[in-house]
Amino acid sequence: MIYSILIIVASYQKERSISCRNFLTNLTTLARNLTSNICAGLIGFLQEIINSDQFIKQHRQSPTDFIRKRKLTFSTLIFFLMNMVKGSYQDELDHFFKSIFGFEVVKRVVSKAALAKAGMKLKYEAFINLNMRLTSYFYENFKPKQWHGFNLLAIDGTTVRLPRIEAISAHFGV
């Protein structure tokens, strides 16, 4: 469904009339809402797994790990580590807890030393298990199209700077 919307949006981008722009706006909103619903379902699925007692017991180093209620709980640790840390651990922790608790300004809730100690209590197999379950969730809920019975995947993370030539700008946009 989202793919169809994106194809329609791409074909209408060249149109300049008001009715086409309104149609494009409505389709973009629909695609955004569908994506939000998909993401909400995925986050709910993850929360259910990560907060389950069985998952916690299976993926902690010792039976005494993660039994007390601290600021850096098992599920908070998992979600933080899944957050793709790009900056320093302390800055990322501060911004993570700012967004979770809705602080106006960044506050120090957890230190990077506490993160390191909590990380030592977590088994790496937790992420392998989550990856397997997320893959199953994807194939159960999204039903990707197949080519000759095979799943065809294409992934490209490159960024290319194109020269500012009118023909390129007209075709790809600016």
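For clarity, every value in this text was computed on a predicted model and none was experimentally measured. (Residues numbered from 1 in each chain as written. Predicted model: local features only at pLDDT ≥ 70, side-chain atom pairs only at ≥ 80, totals over all residues. Heavy atoms only, no water.)

## Let's talk about the overall build of the chain
In step 1: Per the secondary structure count, the chain includes 8 helices and 2 strands.
In step 2: Beginning at the N terminus, the succession of helices and strands in the chain can be written as α-α-α-α-α-α-α-β-β-α.
In step 3: A burial count over the chain gives 21% of its 174 residues as buried.
In step 4: Within the chain, residue pairs in contact and separated by at least 24 positions form 55% of the contacts whose partners lie at least 6 positions apart. (Helix = DSSP H or I, 4+ residues; strand = E, 2+ residues; numbered from the N terminus. Buried < 20%, exposed > 50% of the residue type's maximum accessible area, 1.4 Å probe, protein only. Contact = heavy atoms within 4.5 Å.)

## What about the nonpolar core?
In step 1: Among the nonpolar cores identified, the biggest contains 20 residues, and Ile-50, Phe-55, Leu-72, Phe-74, Leu-77, Ile-78 and Leu-130 are the most heavily contacted of them.
In step 2: Looking at this core, the elements with two or more residues in it are α2 (18–50), α3 (53–58), α4 (74–81), α5 (89–101), α6 (112–120) and α7 (125–141).
In step 3: Those residues in contact with Ile-78, other than ones at most four positions away along the chain, are Ile-50, Leu-122, Ala-126, Phe-127 and Leu-130. (Core = buried A, V, L, I, M, F, W, Y, C linked by side-chain atoms within 4.5 Å.)

## Brief notes about the environment of Trp-147
In step 1: Along the chain, Trp-147 falls in strand β1 (residues 146–147).
In step 2: Among the polar contacts made by the side chain of Trp-147, one reaches the side chain of His-148 at a distance of 3.5 Å. (Polar contact = N/O pair within 3.5 Å; in protein donor to acceptor, adjacent residues only side chain to side chain.)

## Focus: the packing of aromatic side chains
In step 1: For the coordinates displayed, the defined rule picks out 8 aromatic pairs.
In step 2: Between the aromatic rings of Phe-55 and Phe-74, the centroid separation amounts to 5.9 Å while the plane-to-plane angle is 70°, which identifies the pairing as edge-to-face. Of this pair, Phe-55 sits in helix α3 while Phe-74 sits in helix α4, and the two are 19 residues apart along the sequence.
In step 3: Taking the relative accessible area as the measure of exposure, Phe-55 reaches 1% and is therefore buried.
In step 4: With a relative accessible area of 3%, Phe-74 lands in the buried category.
In step 5: Seen from their ring centres, Phe-97 and Phe-101 are 5.8 Å apart, and the 20° between their planes marks the pair as stacked. (Phe/Tyr/Trp six-rings, centres within 6.5 Å; stacked < 30°, edge-to-face > 60°.)

## Structural notes on a nonpolar patch on the surface
In step 1: On the surface, Ile-38, Phe-138, Tyr-139, Phe-142 and Leu-153 cluster together to form a nonpolar patch covering roughly 420 Å² of accessible area.
In step 2: Residue classification places Tyr-139 among the partly exposed residues on the basis of a relative accessible area of 30%. (Patch = residues over 30% accessible without salt bridge, like charges linked within 9 Å, V, L, I, M, F, W, Y side chains within 5 Å. Areas by Shrake-Rupley, 256 points an atom, 1.4 Å probe, with all protein chains shown as cover. Salt bridge = Lys/Arg side-chain N within 4 Å of Asp/Glu carboxyl O.)

## A word on α7
In step 1: Compared with an ideal rise of 1.5 Å per residue, which puts 17 residues at 24 Å, α7 spans 24 Å between its outermost C-alpha atoms and is within 8% of the ideal.
In step 2: Turning to α7, its buried residues are Ala-126, Asn-129, Leu-130 and Tyr-137. Down the axis, α7 shows its buried residues gathered within 95° of arc, on one side only.
In step 3: In the stretch just after α7, Lys-143 is the one whose phi turns positive, near 45°. (Expected span 1.5 Å × (residues − 1). Arc of directions from axis to C-beta.)

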